[in-house]
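Overview (structure and organization)
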Amino acid sequence: MRRFPLIAAAGAALALAAPLLSACGGTTDASARPGTVPVVASTNVYGDIAKRVGGPNVSVTSIISDPEQDPHSYQANTKTQLALSRAKVVIENGGGYDDFVDTMLSTAKSKAPVLNAVKISGKTAPAGGDLNEHVWYDFPAMDRLAGRLAGALATADPAHAKTYTANARAFGGELSALEKRTAALKKAHAGAGVAITEPVPGYLLDAAGLRDRTPEPFSHAVEEGDDVPPRVLRQTLGLFSGAGRVKALVYNAQTVSAQTQQVVKAARAGHVAVVPVTETLPDGKTYLSWMRGNVDALAKALGER
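Here's what I pulled together on the structure shown here. (Residues numbered from 1 in each chain as written. Predicted model: local features only at pLDDT ≥ 70, side-chain atom pairs only at ≥ 80, totals over all residues. Heavy atoms only, no water.)

1. Some details on the environment of alanine 76
As for its placement among the helices and strands, alanine 76 is situated in the loop between β2 (58-64) and α3 (78-86). Given the relative accessible area of 11%, alanine 76 is considered buried. Note: C-alpha distance between alanine 76 and isoleucine 64 (twelve residues apart in sequence) is 10.0 Å. (Helix = DSSP H or I, 4+ residues; strand = E, 2+ residues; numbered from the N terminus. Buried < 20%, exposed > 50% of the residue type's maximum accessible area, 1.4 Å probe, protein only.)

2. A short note on the packing of aromatic side chains
When we look at a pair of aromatic rings, we describe it by the centre distance and by the angle of the planes. Scanning all chains against the criterion turns up six aromatic pairs. Ring centres of tryptophan 136 and tyrosine 137 lie 6.2 Å apart, and the angle between their planes is 45°; this geometry places the pair in the tilted category. Comparing tryptophan 136 with tyrosine 137 shows no difference in burial state: the two are buried. Members of the aromatic cluster, connected to one another through ring pairs, are Tyr46, Tyr97, Trp136, Tyr137, Phe171, Tyr287 and Trp290. (Phe/Tyr/Trp six-rings, centres within 6.5 Å; stacked < 30°, edge-to-face > 60°.)

3. Brief notes about the sheet that holds strand β8 (residues 273-277)
Within the open sheet, the four strands sit side by side as β6-β5-β7-β8. Their pairing is parallel. Each having just a single partner strand, β6 (211-212) and β8 make up the two edges of the open sheet. Two elements, strand β7 (residues 248-252) and β8, share five bridges in a ladder whose sense is parallel. Bridge assignment links leucine 249 to a residue of β8, and that residue is valine 274. Contacts between helix α11 (residues 258-269) and the sheet are confined to β7 and β8, with β7 contributing the most and set at about 155° to the helix. (Pairing = 2+ DSSP bridges. Contact = heavy atoms within 4.5 Å. Axes fitted to C-alpha atoms, helices over the stretch in contact; angles between N-to-C directions.)

4. A look at the packing of helix α2 (residues 44-54) against helix α12 (residues 287-301)
For the pair α2 and α12, interaxial distance at closest approach is 9 Å and the crossing angle is 125°. Between α2 and α12, the angle is such that the two are oblique. In this structure, α2 uses Val45, Asp48, Ile49 and Arg52 to contact α12, whose residues at the interface are Tyr287, Leu288 and Trp290. Of the residues that constitute the contact of α2 with α12, the class distribution is five nonpolar, no polar and two charged. (Parallel < 35°, antiparallel > 145°, perpendicular 65-115°, else oblique. Nonpolar A, V, L, I, M, F, W, Y, C, P; charged D, E, K, R; others polar.)

5. Considering helix α4 (residues 100-108)
Among all positions of α4, only Phe100, Val101, Met104 and Leu105 are buried. Along α4, the residues classed as buried sweep out an arc of 130° about the axis, all on the same side. At the exit of α4 stands lysine 109, carrying a positive phi of roughly 55°. (Arc of directions from axis to C-beta.)

6. Concerning the sheet that holds strand β4 (residues 114-116)
With parallel pairing, the four strands of this open sheet are ordered in space as β2-β1-β3-β4. Sheet topology places β2 and β4 at the edges, where each strand pairs with a single neighbour. Across the sheet, the axes of successive neighbouring strands diverge by a mean angle of 20°, strand direction being ignored. Packed on one face of the sheet, α4 meets β1 (37-43), β2, β3 (89-92) and β4 and runs near 150° to β3.

7. Looking at unusual backbone geometry
Phi at lysine 109 takes a positive value of approximately 55°, unusual for a residue other than glycine. Structurally, lysine 109 can be placed in the loop between α4 and β4. We note that histidine 271 has phi near 60°; this positive angle belongs to a residue other than glycine. Structurally, histidine 271 can be placed in the loop between α11 and β8. For histidine 271, a relative accessible area of 75% gives the class exposed.

8. Let's talk about the nonpolar core
Formed by 60 residues in total, the largest nonpolar core has its most connected members in Tyr46, Trp136, Met142 and Tyr287. The element best represented in this core is helix α6 (residues 139-156), accounting for ten residues. Sequence-distant contacts of tyrosine 46, that is, excluding residues within four places in its chain, are made with Ala41, Ile91, Glu92, Asn93, Ala117, Val135, Trp136, Met142 and Leu145. Formed by 16 residues, the second largest nonpolar core is a distinct cluster that contains Ala195, Phe218, Phe240 and Val246. (Core = buried A, V, L, I, M, F, W, Y, C linked by side-chain atoms within 4.5 Å.)

9. Here we look at the packing of helix α7 (residues 161-189) against α12
Contact geometry for α7 and α12: axes closest at 11 Å, N-to-C directions at 10°. By the angle class used here, α7 and α12 are roughly parallel. Residues Phe171, Glu174, Leu175, Leu178, Arg181, Thr182 and Leu185 of α7 touch α12, and the partners they reach there are Tyr287, Leu288, Met291, Arg292, Val295, Asp296 and Ala299. Taken together, the residues of the contact of α7 with α12 break down into nine nonpolar, one polar and four charged.

10. Details of the pairing of β2
Counting buried positions over the seven residues of β2 gives seven, a clear majority of the element. The pairing of β1 with β2 spans six bridges and is parallel. Within the sheet, the bridge partner assigned to valine 37 lies in β2 and is valine 58.

11. A few points about helix α9 (residues 216-224)
Taken together, the buried positions of α9 are occupied by Phe218, Ser219, Ala221, Val222 and Glu223. Contact partners of the buried residues in α9: β5 (193-196), α10 (230-237) and α11. Note on α9: the residue one or two positions beyond its end, glycine 225, has a positive phi of about 80°.

Bear in mind that shape data such as this cannot, by itself, settle questions of function.
In structure tokens form, the structure reads like this:
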């Protein structure tokens, strides 16, 4: 799996007095307002969930928030270090996805509780395979995360404990509605084939009962940033030339290469629906509206009205 590269994190602690630079990932710094709980999230996906659970009682900094940024190319800086040093709650994805958070927390000597979404999800690597760390596409996992977040916020701010619990429950109710929609897709389309460029949407596709027919070496190479072997590329392109082999291509729009563009072109030429997904929130979206849009796009690709 690819990881966020950590650039000069150790030196960041020595440079806090220097002018703060903007993060390559588009850090959103919600400088803590008096009386609020400062929360730092590795991406704006978790930052938005923190805002939903915490409401006006939290100030949230999302380290990576630019929808045009490939999260895997993030470079840590002094602004990130400073935010983490002041946080009362930290949310990371885990699973090797954003290891820079733990490294920088160690440098900052932070004692803030760290909510690791992968650990909270209970997801593990399959026998002989790699862990799919993109757990924000798993709705039950995000429900559990919201519950744990409510508890962490209540510890930091007992006066608003009931509010945090109520907000997490309301968020969970909306996630349940999304679970029901994907369950309905599974009932109608279980076993239908799809292709992917990376395993980013894997948990959503699993919940919808869809079968990934992509040659594993293809998605593995793309995720690792490696060239796809010619034989594997031909096999992947062949998915779109046989009638009914795959219903959709679900591709990561944030990691585009010549080979993924070739696959997208082949899908469109074969009249296969193309469904873009991302690893961070698009502009103007909340986590819930983003995921509703993803489910809607998937349903449309499967022929649902």
